[in-house]
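Fold and geometry: a report
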Amino acid sequence: MLSDKEQLRDISSIGLKTVISELPPASTGSTMTANVCKKITAQLTGAIGKQEDISVQLEALDILSDMLSRLGGTLYSFHSSILSCLLPQLTSPRLAVRKRAIVALGHLVLTCSGNIFSELTEHLLAELKKNESTSTTRTYIQCIAGISRQAGHRIGEHLEKIIPLIVQYCNVEDDELREYCFQAFESFVRRCPKEIDPHIPNVMGLCLKYITFDPNYNYDNEEEEEEERMETENGEDEEQESDDEYSDDDDISWKVRRAAAKCLEAIVSSRHDLLQDFYKTLSPVLISRFKEREENVKADIFSAYIALLKQTLPIQSWRHASDASGKDDVPLTMLQNQVPNIVKALHKQLKEKSIKSRQGCFSLLTELANVLPGCLADHIPALVPGIVFSLADKSSSSNMRIDTLSFLHVLLCNHQPEVFHPHIKSLLPPVVSCIGDSFYKITSEALLVTQQLVKVIRPLGKSCTFDAKPYVKDLFPGTLKRLKAADIDQEVKERAISCMGQIIYNLGDYLSTDLQPTLKIFLERLKNEITRLTTVKALTLIASSPLKIDLRPILGDGFPILASFLRKNQRALKLSTLTALDILVKNYSDSLKPAMIDGSILTEIFQLALVLTKTAAMGYSELMKQLTAPIYSSGSAGASVSLHKQAYYSVAKCVAALSSACPKEAPGILNQFIQDVKSPKSSSAVKVLAFLSLAEMGRTMNLSAQKELKTVILEAFTSPSEEVKSAASYALGNISVGNLKEYLPFMLKEIGSQPKRQYLLLHSLKEVISSSPADGLKPYVEDIWALLFKHCECTEEGTRNVVAECLGKLTLVNPSELLPRLKKQLSSGSPHARSTVVTAVKFTIADQPQPIDALLKSCIGDFLKTLEDSDLNVRRVALAMFNSAAHNKPSLIRELLNAVLPSLYSETKVRRELIREVEMGPFKHTVDDGLDVRKAAFECMYTLLESCLDRLDIYEYLNHVEDGLKDHYDIRMLTFIMLARLSTLCPNAVLQRLERLIEPLRATCSTKVKAGSVKQEFEKQDELKRSAMRAVAALLTIPEVEKSPAMAEFSSQIRSNPEMASLFESIQKDSASLPTTESMDTS
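Note that this is a predicted model, so its numbers are computed, not measured.

A short note on the overall build of the chain
Looking only at helices and strands, one finds 55 helices and two strands in the chain. With 1083 residues in all, the chain has 52% of them scored as buried. Total accessible area on the chain stands at roughly 48,600 Å², and carbon and sulfur atoms take up 53% of it.

Quick word on the environment of proline 198
The residue proline 198 is located in the loop between helix H10 (193-196) and helix H11 (200-210) in this model. Assessed through its relative accessible area of 55%, proline 198 is described here as exposed. In this structure the C-alpha to C-alpha distance between proline 198 and glutamate 160, which are 38 residues apart in sequence, comes to 9.5 Å.

What about the pairing of strand E1 (residues 915-920)?
Note: E1 against strand E2 (residues 923-928), six bridges, orientation antiparallel. Looking at E2, one finds that glutamate 917 is bridged to threonine 926. Hairpin remark: E1 followed by E2, antiparallel, with two residues in the connecting loop; positive phi at glycine 921, about 60 degrees.

Quick word on the packing of aromatic side chains
Enumeration over the complete set of coordinates arrives at nine aromatic pairs. With a centroid separation of 5.5 Å and an interplanar angle of 70 degrees, the aromatic rings of phenylalanine 439 and tyrosine 440 are classed as edge-to-face. In this structure phenylalanine 439 comes out as partly exposed when scored by relative accessible area, which is 30%. With 5.3 Å between their ring centres and 55 degrees between their planes, tryptophan 785 and phenylalanine 789 make a pair best called tilted. Of this pair, tryptophan 785 and phenylalanine 789 both sit in helix H41 (residues 781-791), four residues apart, roughly one helical turn.

Structural notes on the pattern of salt bridges
Applying the stated criterion across every chain yields a total of 47 salt bridges. Between aspartate 273 and arginine 271 there is a salt bridge whose closest N-O contact spans 3.0 Å. Taking relative accessible area as the criterion, aspartate 273 reaches 53% and is therefore assigned exposed. Given a relative accessible area of 13%, arginine 271 falls into the buried group. Three or more residues are tied together by salt bridges with common partners; here these are Asp214, Arg257, Arg289, Glu292 and Arg293.

Topic: unusual backbone geometry
Non-glycine residue serine 512 carries a positive phi angle of around 45 degrees. On the basis of relative accessibility, which here comes to 59%, the residue serine 512 falls in the exposed class. Unlike most non-glycine residues, lysine 548 shows phi in positive territory, near 50 degrees. As for its placement among the helices and strands, lysine 548 is situated in the loop between helix H27 (532-543) and helix H28 (552-565). Among the residues examined, lysine 548 registers a relative accessible area of 56% and is labelled exposed.

Describing the packing of helix H39 (residues 758-771) against helix H42 (residues 797-811)
Relative orientation of the contacting elements H39 and H42 amounts to 20 degrees, with a least axis distance of 9 Å. Considering the angle they form, H39 stands roughly parallel to H42. H42 is crossed by H39, and the crossing has left-handed handedness. Residue-level inspection shows Gln758, Tyr759, Leu762, His763, Leu765, Lys766, Ile769 and Ser770 of H39 in contact with H42, the latter providing Gly798, Thr799, Val802, Val803, Glu805, Cys806, Lys809 and Leu810.

Reading the values: the criteria
Residues numbered from 1 in each chain as written. Predicted model: local features only at pLDDT ≥ 70, side-chain atom pairs only at ≥ 80, totals over all residues. Heavy atoms only, no water. Helix = DSSP H or I, 4+ residues; strand = E, 2+ residues; numbered from the N terminus. Buried < 20%, exposed > 50% of the residue type's maximum accessible area, 1.4 Å probe, protein only. Areas by Shrake-Rupley, 256 points an atom, 1.4 Å probe, with all protein chains shown as cover. Pairing = 2+ DSSP bridges. Phe/Tyr/Trp six-rings, centres within 6.5 Å; stacked < 30°, edge-to-face > 60°. Salt bridge = Lys/Arg side-chain N within 4 Å of Asp/Glu carboxyl O. Axes fitted to C-alpha atoms, helices over the stretch in contact; angles between N-to-C directions. Parallel < 35°, antiparallel > 145°, perpendicular 65-115°, else oblique. Left-handed = near helix turned anticlockwise from the far one by under 90°. Contact = heavy atoms within 4.5 Å.

And the structure:
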């Protein structure tokens, strides 16, 4: 390789590279790798240092980089010699050599020791201060950026010294230097979020100044000229004199603008907390730059603005839908005011030749319409010509059309139909012609848009003056052609079915003779396994249409097919079919023959019987028999009950519905149920059904005529079967709801006098409180309250929990009076009472808005003080209450987090004083009383990730996750799931801590269970390993994670160990088949 012949050099360097890429990684313990490294490293560093022949130098640098990136740890002893060989290369006369030296240094800092890293940074800082020539300064800044990209977590502590230097170089008249400065800033922002924090305003100011830096170009628009002058006032004077010195070809100022835009994007995506400032200062400047003349820069400016919009997007999830007050909407209002400027800057560009900038405009507008639904309503006239142009323009690429269609889809979904009506004439033809496009992706996107357009042309929910009839002839044939075709893409098939369903739902009465043939196609599609689910959904839609579409011709054939789906083993299909049958029976009951509804359907669907009562072609007693037969028959043979628990509730509801439909028959069936319960021969299944049916009937009827009921129920409380007991207590509660006057005082008396049955009676009381209307309960509140407080000291935790639930639900009846009373009880003496009160508060928090919310918000702080209670159990229930609040109504606790987090974190620590030894015969067994509390604390931490991420100091948070990774089995399981979630939510923070997080994962994955352990121990370890492996798989999805040597080594260890490798593969398979979000069941 060092010879003078070029061919030899080339071949030998390729050979060397191959050898190095094939060497086994150090973790396999092979000594070969270490020997090879020792042999060639010294020769490589020598060759690099000689500087005789540039091409030898370049090859040697390349090979050294390869070695450092794969085997950095093995070269440990050479690190300092490598460093001293690389540093001089940064001043090499050849730029290519400098670049490769920077790459090699980047790989070196991943594995080198702290001392070598400090030596390197000291050297770079010293050279930067010297500033011998602009060209070397450029190289040093590039080098710092490179190091920060590779090992950002290490450079953090030196930022204080580095940043002022780079800021100072931003003002030097040299565009390339400026570009490198901004690239360095960008990598700091992404890699060291914590340390860069104090410098953000400064960096942002520089970015905003230079994003408009275009000295050689006069934007011709007068008014904008003014703004330009204003914005770059300070930067103008020094730039004036250099204007005439160079021509436009040499103008590389666009590189500065692009680097500034990228740096802004990094700031925006990592600093959610500065949104308001962004809208004040950053947004107007970016909007004014949408007119950028350089295409690449424009793309980056668009993507920076899109990042800003994505940050503003209100978190779309069920727990925020009900909790909108949690976040202030200031940024959204600020954005709303800037929408006209955005549209003004973009709408002309929608007709430009350049496809790239049109795509940029559409993706920005799409994001805007998602963030602020309805915000473009006034601007539709300005946007429509651009949309039509991109769809109809022959030069548009297919991606261009797809982007345009998907923007149109978002636009139609997020705005009121009326705003589009003037433009339907111009919008519809290009969309319909896209349905006929030969590329399936365009077709399928166009069908989605058409489906939305149909809803817009004729919104059925409200009166509308727009006449849709002339457009049917455009819409229908195109869609029909796609619906008929059998040889098209699966997605197109499904969307054609849905789209046609929508057309019939909204415009069915305009189709006249075309309607029946089309419905026949639906019947065909029902018979096909691939399209049946989509067709069932489309039929459900058509059947619910207010236009009362005539479905009789297909019901005869369709009903049996639908019925057969209920026996298929596909849950989604069964559920959709049930919905479809339900709607068909409701809306088309007159055209159904009893023959169609044969018994086989009946026994499979209890729900439908509710509706079937309307079509009672069969007699009452006949239906009743069919309903209850499965339960009576299973009981008589003494067979084990095979029906699902839920089925009993459904049957009971049907029985009640039947009885209310035929009131004359009700007393008879009531008596039958009471006899069933009394008869010693009845199986427990029959008794359960009887009690549940009594409950459902009692809720709506007054059963006080039945004299024996009370005694029958109280006797059942002593039944040996748990199911019968709980059904009886459910019955008592519901019968009382139907007749509070008679039953509630009786129940309260019983609770007072019967300590043995207390638990069941309290459950009945819970039913009463949850199901009765508030006004009905008002007169009894005081008595119930007094009674519950007698029992809140109970030693049985189960009973206390029911008491707490009753108290919580009761508080909702009259919050303004009862909540303060609960608060008063906090100071009461016994820990049991305190824990009951805190649990009661948990039951007042629901995920829907409620009148109690404002009161809760003002006093939840006092209840959360129990997190510092002296009693362990009280702390545990306080954590459960906190978890419930964070999960269901984050707005209650967001503002308190600063006060609460320290006590939450302190509960995650293992407490030595709570661990005790228990002697079990000859064995000693350690018991950790603090485990449950720690578990509750980690569950809260997990919930906060989902609901209050922006309020957490993620580094502090990670410290505690790290401790949890070494804790008890249950807690490790939890922290593994947290880790997986963190790697999607804040990958950069996790990257910085990677070394410390991997160790415990590696330890878990490589534990061996002692031979001769019990089966449970093996299963437990197995589950742990799976969970740890899931966390590893999640970590591996973080971008750039492979740069971490610890991770690289661990993943090669996994690959080389057969047991771990197969586990890892099975997890990859699982995650491919699952939906992407790893969520944890915190119920």
